[in-house]
Structures are given as structure tokens and as C-alpha cells.
Amino acid sequence: MKKLVYVVLFLAGVLAFQSCNHDETYADKKKKQRSAINQYIADSAVKVISEEQFYAQDSTTDVSKNEFVLFESSGVYMQIVRKGCGKKIKSGETATVLVRFTERDLLTDTITLSNQNIYYGQYPDKMRVSCTSGTYSGSFVSGSSLMATAYGSTAVPTGWLVPFAFVNIGRPQTENDEIAKVRLIVPAEKGQQSASQTTTPYLYDLTFERGR
């Protein structure tokens, strides 16, 4: 009987050890994230530019060259498709912003969430964005946000706030006016709640419009 107990304990220990060996470490997940981002950049022929070049170009990205600027401190890549009509959210101001978005998981290359479709198209996510001495913060309006409903948090992903320093938030007044549009590659640590939990990078297509 004792021998049987020892054998069972030994096998349990071996299985536990093997299970630990098969568990992904955080470092492994970070490597997968970096690989997925690099794969998207290569497959999509993205031209990554530095912040210095971005500012030298009057804070613009050349869409014809598929330029994305990399913000080293956050790891967020941004392409400004349109700066948009209206004005930037100024320091001390809090604005209601209507957001239409498509979220793509770069690990699986699949669309995971979008309000840019027939069902949700007339219901843009609504968020409140504030600027304090050049620093932006934001929260989704409860009951008016697909993102908040899907991920159980009203906190706007940090990566989504990056464009506000560079784009205008307005409402079209003429047929030639266009709202701001950006594309973002957002690493897990700057993304929504699920992204940070699973170390998943996402690609976002976003438009911003000033709400009432």
C-alpha cells in the first residue's frame, strides 16, 4: 500500500511539473505580442516613423506611404488618416465624444468587436474625454458604449487617448467637413481590460466626432 501511495504521489508530482512547464510565462506572452505586431507591420507594409519625424511633418502621417508613428514610451503605433474638422479638446475642457470603431485581435487576425456595422452602426460609443494640462483621460458613458458592455469597464483604454493631442473633435457643418479618423496598434498594457489580462495586442480603426 505504501508503495502505491508513493507511486501516486510521484506521478502527481510529474504531472504538476509538466503542467508548469507547459504554462506560458508572461515573458512568453510578451514575445508573442511583439511577434504579432511585427507580423502585421510586415504583412501590411507599414512604414514606421519616429516621433521626431512625425513632429517634423507637422504631426501628420503620410497615408499614401502607410506611415504609422511609434510612441516609444507607450508602445502605441498611430496613423492619422484624417485630422478632422473642429478643434482639439483644450486644457480644462471635458467633451462628449462619439466613437465608431473596429477592433481586431492581432494574435488571431480576427475582428472581435465593432460598432461599424449594420446592427450597431447607428449607436456609436459615447465617452467623456477631459484634458488637464495636455494630459487626456476618459470614461465611457454607462449604457451608451459597446466597449463598456463587452469588457465590463467604463475606463477608456489608454491607447485610445493618444490621438487626442493631435486630432480635432468636431461635428461636420458642411458637406466637405470630415470627422477625425485614426488607426492604432495598441499593445496589451495600453488596451482594454481583456487585452491586459491575456497580453493581446489589438488594431483599431476609430473615428471621433463631438457629441452634444
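As the structure is a prediction and not an experimental result, all values here were calculated from the model. (Residues numbered from 1 in each chain as written. Predicted model: local features only at pLDDT ≥ 70, side-chain atom pairs only at ≥ 80, totals over all residues. Heavy atoms only, no water.)

1. Side note on the overall build of the protein chain
Part 1 of the reasoning: A tally of helices and strands in the protein chain yields 6 helices and 9 strands.
Part 2 of the reasoning: Within the protein chain, buried positions represent 42% of all 212 residues.
Part 3 of the reasoning: Within the protein chain, residue pairs in contact and separated by at least 24 positions form 62% of the contacts whose partners lie at least 6 positions apart.
Part 4 of the reasoning: Accessible area of the protein chain: about 11,800 Å², with a carbon and sulfur share of 53%. (Helix = DSSP H or I, 4+ residues; strand = E, 2+ residues; numbered from the N terminus. Buried < 20%, exposed > 50% of the residue type's maximum accessible area, 1.4 Å probe, protein only. Contact = heavy atoms within 4.5 Å. Areas by Shrake-Rupley, 256 points an atom, 1.4 Å probe, with all protein chains shown as cover.)

2. A look at the environment of Phe-101
Part 1 of the reasoning: Considering the arrangement of structural elements, one finds Phe-101 in strand S4 (residues 94–105).
Part 2 of the reasoning: You can call Phe-101 buried: its relative accessible area is 0%.
Part 3 of the reasoning: Here the alpha-carbon distance between Phe-101 and Tyr-204, two residues 103 residues apart in the chain, equals 6.6 Å.
Part 4 of the reasoning: Once you skip the residues sitting within four places of it in the chain, Phe-101 turns out to touch Leu-113, Ser-114, Asn-115, Gln-116, Asp-125, Leu-146, Met-147, Trp-160, Asp-205 and Leu-206.

3. Here we look at helix H2 (residues 26–43)
Part 1 of the reasoning: For H2, spanning 18 residues, the distance from its first C-alpha to its last is 26 Å, which sits close to the expected 26 Å at 1.5 Å a residue.
Part 2 of the reasoning: Along H2, the residues classified as buried are Gln-33, Ala-36, Ile-37, Tyr-40 and Ile-41. One side of H2 carries all its buried residues, which in axial view fall inside an arc of 135°. The exposed set on the far side of H2, more than 90 degrees from its buried face, consists of Lys-31, Ala-42 and Asp-43.
Part 3 of the reasoning: Looking at the packing, one finds that the buried side of H2 touches strand S1 (47–49), strand S3 (76–82), strand S8 (180–186) and strand S9 (202–210).
Part 4 of the reasoning: At the exit of H2 stands Ala-45, carrying a positive phi of roughly 55°. (Expected span 1.5 Å × (residues − 1). Arc of directions from axis to C-beta.)

4. Examining the nonpolar core
Burial of nonpolar side chains together is a common tendency in soluble globular proteins.
Part 1 of the reasoning: Core analysis: the largest hydrophobic core is formed by 39 residues, its most contacted members being Met-127, Trp-160, Phe-164 and Phe-208.
Part 2 of the reasoning: Leave out the neighbours within four places in its chain, and Met-127 touches Ala-95, Thr-96, Val-97, Val-99, Ser-139, Phe-140, Val-141, Val-156, Trp-160, Phe-164 and Phe-208.
Part 3 of the reasoning: Judged by nonpolar contacts, the second largest core, of 11 residues, contains Ile-37, Tyr-40, Leu-106 and Ile-185. (Core = buried A, V, L, I, M, F, W, Y, C linked by side-chain atoms within 4.5 Å.)

5. Details of the pattern of salt bridges
Part 1 of the reasoning: Using the criterion set out here, one finds 8 salt bridges in the structure.
Part 2 of the reasoning: Its salt-bridge partner being Asp-109, residue Arg-104 comes within 3.3 Å of it at the nearest N-O pair.
Part 3 of the reasoning: It is possible to trace a salt-bridge network through shared partners that takes in Arg-100, Arg-171 and Glu-209. (Salt bridge = Lys/Arg side-chain N within 4 Å of Asp/Glu carboxyl O.)

6. Considering the side chain of Asp-205
Part 1 of the reasoning: Tracing the sequence through the fold places Asp-205 in strand S9.
Part 2 of the reasoning: Separated by 2.8 Å, the side chains of Asp-205 and Arg-183 make a polar contact.
Part 3 of the reasoning: Leave out the neighbours within four places in its chain, and Asp-205 touches Arg-100, Phe-101, Thr-102, Gln-116, Lys-181, Val-182 and Arg-183. (Polar contact = N/O pair within 3.5 Å; in protein donor to acceptor, adjacent residues only side chain to side chain.)

7. A closer look at the confidence of the model for the protein chain
Part 1 of the reasoning: Chain-level pLDDT for the protein chain is 90 on average; 89% of the residues reach the 70-or-more range.
Part 2 of the reasoning: Low confidence marks residues 1–21, where pLDDT is under 50. Its contacts with residues over four positions away, or in another chain, come to 0 contacts. (pLDDT = per-residue confidence, 0-100.)

8. Here's the deal with unusual backbone geometry
Negative phi is the rule for most residues except glycine; trans is the rule for most peptide bonds.
Part 1 of the reasoning: The residue Ala-45 is not glycine, and still its phi comes out positive at about 55°.
Part 2 of the reasoning: Residue class for Ala-45 comes out exposed when judged on its relative accessible area of 55%.
Part 3 of the reasoning: For Ser-133, which is not glycine, the phi torsion reads 50° and is therefore positive.
Part 4 of the reasoning: You can see Ser-133 is positioned in the loop between strand S6 (125–132) and strand S7 (135–140).
Part 5 of the reasoning: A residue is classified by how much of its surface remains accessible, and Ser-133, at 66% relative accessible area, is exposed.

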